[in-house]
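# Descriptive structure summary
Below are the chains, spelled out letter by letter.
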Amino acid sequence: VTARPLPGRHLGLDLGATNLKWTVVAHDDGSWQTLDRAQQTVDVPGGPDVVLRQLIETSRQAVQRWPGVATVGIGVPGSYDAENGTTGLPVNLGRAWMGRPVTRPIAEAVGLPTALVNDARAFGLAELRLGAGREARAMVGVVLGTGVGGVIALDGRVYHGRDGGAGEIGHMTIDPDGPDCNCGNKGCLEAFVRADRIAAASGTSTVVEAVERASNGDATAIEGLLRAGRYLGIAIANIVLMISADRVVVGGGVAEAGERILGPAREEVRRRFEGTALDDVEIVAAELGIWAGAIGAAIHGAEVATPIAPSTSPVVWS
Ligand SMILES: [Zn+2]
């Protein structure tokens with residue numbers, strides 16, 4: 001694994017449950033620049049074959065449009081096998097994705113080295129290189145949305161751990177007797193602060209509505225958002241303590257609630273660090289918006305994608 005990105009252009013794809021976003025970035029002497037980006041709806045109900053065709057077609061078009069693209073990076077929700085370029089079990093995409101080869105069909109279609117990465121880790125890499133995490137020594141990233149993703153970066157590099165699963169802050173247990181989580185555990189951070197749970201606790205159907213009502217003085221909404229921020233703060237405090245972080249970057253759709261959630265989160269972190277110096281820990285909103293995942297996937301591809309061996313024909317025994 002090399003952390004030295006190839007100079008030139010790099011394609012990043014961000015596969016979500018509803019949208020496929022892509023971007024082409026240029027890397028030059030340590031700086032990154034976005035050259036192009038677009039998104040389209042993705043036919044997840046159509047199954048992996050249909051979605052893979054979409055990924056291949058999108059990659060082909062982007063590579064044609066931007067000559068000189070050197071690598072492809074693909075961000076996927078859930079777990080994956082970096083070595084084999086296959087997806088694990090992305091909860092939002094469905095069981096049929098278990099063990100699906102993704103990098104090889106795309107690499108073969110466009111003739112370029114291709115790498116997979118978890119979408120939250122891609123978000124973190126983008127924020128680290130050109131967003132709110134720039135210059136951070138130890139960064140914690142949280143993506144608040146329909147689920148809760150996370151990432152940690154140490155000494156300027158996203159830390160992937162044994163299997164690419166490092167940084168899953170969403171499944172850190174916050175309350176041993178808490179509500180059920182999609183992962184099978186109880187009381188995970190995600191079980192408290194994923195979008196639908198925040199809305200439910202706020203007596204609304206969406207987080208946006210909760211923020212609106214809170215602004216109008218609705219006590220239930222104020223309390224629901226406050227509680228979400230508080231649980232988020234507990235999880236953040238645990239990780240900040242663990243890796244001695246100097247920057248915490250919070251992104252994702254729910255983060256648009258802004259200070260209604262970030263404020264109480266900061267307060268909670270401060271409360272749990274009473275007596276220790278916390279002045280050097282910044283808890284800030286992400287900067288790259290909805291494109292962070294695609295940008296980070298492109299950077300990941302640039303940093304780690306290596307040419308794949310030509311595919312060997314399967315041996316057929318008769
Ligand atoms: Zn969980």
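What comes next is a walk through the structure. Since the model is a prediction, treat every value here as computed from it, not as a measurement.

Assigned secondary structure in the protein chain consists of 9 helices and 12 strands. Radius of gyration (C-alpha) of the protein chain: 20 Å, near the 20 Å computed for a compact globule of 318 residues. If one aligns the C-alpha atoms of the protein chain with their principal axes, the spans along those axes are about 65 × 45 × 35 Å. Accessible area for the protein chain stands at about 15100 Å²; split by element, carbon and sulfur atoms hold 50% of it. Charge-centre separation for the protein chain: the mean point of 28 positive side chains lies 3 Å from the mean point of 36 negative side chains.

On the protein side, the zinc ion has H171 (ND1), C181 (SG), C183 (SG) and C188 (SG) as donor atoms, found 2.0 to 2.3 Å from it. Metal-centred angles of 105 to 122 degrees between the 4 donor atoms at the zinc ion mark the site as tetrahedral. In the primary structure, the donors to the zinc ion are separated according to the pattern H-x9-C-x1-C-x4-C. Separated by 10 residues along the polypeptide, H171 in the loop between β10 (157-158) and α4 (189-193) and C181 in the loop between β10 and α4 bring together distant segments of the chain. A relative accessible area of 30% places H171 in the partly exposed class. Given the relative accessible area of 8%, C181 is considered buried.

Take the nonpolar core next. Counting residues in each nonpolar core, the largest one holds 42 residues, and the members touching the most others are V140, L189, V193 and L232. Listing elements by their share of this core, those giving two or more residues are β8 (138-144), β9 (148-154), α4, α5 (195-201), α6 (207-215), α7 (219-243), β11 (247-251) and α8 (259-272). Top contributing element to this core by residue count: α7, with 12 residues. Those residues in contact with V140 that sit more than four places away from it in its chain are V151, I152, I169, I239, I243, A245, R247, V248 and V249. Grouped together as the second largest cluster of nonpolar side chains are 30 residues, L11, L15, I56 and L93 included.

A few words on the side chain of H300. Within the element layout of this structure, H300 appears in helix α9 (residues 292-304). For H300, a relative accessible area of 7% gives the class buried. Every residue in contact with H300, bar those within four places of it in the chain, is listed here: A115, L116, V117, L125, H160 and A305.

Bringing the sheet that holds β11 into the picture now. Strand order in the open sheet formed by 5 strands is β10-β9-β8-β11-β12, and the pairing between neighbours is mixed. One side of each edge strand has no neighbouring strand; the edge strands of this open sheet are β10 and β12 (282-285). Here helix α3 (residues 119-130) sits on the sheet and contacts β8, β9, β10 and β11; the angle it forms with β9, its principal contact strand, is near 45 degrees.

What follows deals with the side chain of E268. Take E268: it is sitting in helix α8. Only 3.0 Å separates the side chain of E268 from the side chain of R230, close enough to count as a polar contact. Separated by 2.7 Å, the side chains of E268 and R272 make a polar contact. Ignoring sequence-local partners within four residues, the contact set of E268 consists of R230, G233 and I234.

Counted by the stated rule, this structure contains 1 aromatic pair. Judged by centre distance (4.0 Å) and plane angle (20 degrees), the ring pair of F192 and Y231 falls under stacked. Separated by 39 residues along the polypeptide, F192 in helix α4 and Y231 in helix α7 bring together distant segments of the chain. Take Y231: its relative accessible area is 14%, and that puts it in the buried class.

As a volume, the largest pocket reaches approximately 1600 Å³. N92, D119, V143, T146 and G147 are the residues nearest the centre of the largest pocket, which is lined by 49 residues in total. If you list the elements that add at least two residues to the lining of the largest pocket, you get β1 (8-15), β2 (19-28), α3, β8, β9, β11 and α9. Counting residues per element, the lining of the largest pocket draws most heavily on α3, which supplies 4 residues. Looking at the lining of the largest pocket residue by residue, the class counts come to 21 nonpolar, 20 polar and 8 charged.

Within this structure, the stated rule accounts for 1 cavity of 30 Å³ or more. Taken together, the elements giving at least two residues each to the lining of the largest cavity come down to α5 and α7. Taken together, the residues of the lining of the largest cavity sort by class into 5 nonpolar, 1 polar and 2 charged.

Calculation criteria
- Residues numbered from 1 in each chain as written.
- Predicted model: local features only at pLDDT ≥ 70, side-chain atom pairs only at ≥ 80, totals over all residues.
- Heavy atoms only, no water.
- Helix = DSSP H or I, 4+ residues; strand = E, 2+ residues; numbered from the N terminus.
- Rg over C-alpha atoms; globule rule 2.2 N^0.38 Å.
- Areas by Shrake-Rupley, 256 points an atom, 1.4 Å probe, with all protein chains shown as cover.
- Lys, Arg positive; Asp, Glu negative; His and termini not counted.
- Charge placed at Lys NZ, Arg CZ, Asp CG, Glu CD.
- Donors = N, O, S within 2.8 Å, 3.2 Å for Na, K, Ca; no water.
- Tetrahedral: all angles 85-135°; square planar, octahedral: opposite > 155°, others 65-115°.
- Buried < 20%, exposed > 50% of the residue type's maximum accessible area, 1.4 Å probe, protein only.
- Core = buried A, V, L, I, M, F, W, Y, C linked by side-chain atoms within 4.5 Å.
- Contact = heavy atoms within 4.5 Å.
- Pairing = 2+ DSSP bridges.
- Axes fitted to C-alpha atoms, helices over the stretch in contact; angles between N-to-C directions.
- Polar contact = N/O pair within 3.5 Å; in protein donor to acceptor, adjacent residues only side chain to side chain.
- Phe/Tyr/Trp six-rings, centres within 6.5 Å; stacked < 30°, edge-to-face > 60°.
- 1 Å grid on protein atoms, 1.4 Å probe; cavity = no way out; pocket = protein on both sides within 12 Å on 5 of 7 lines; lining within 4 Å.
- Points joined across faces, edges and corners; volume = space filled by probe spheres on them.
- Nonpolar A, V, L, I, M, F, W, Y, C, P; charged D, E, K, R; others polar.

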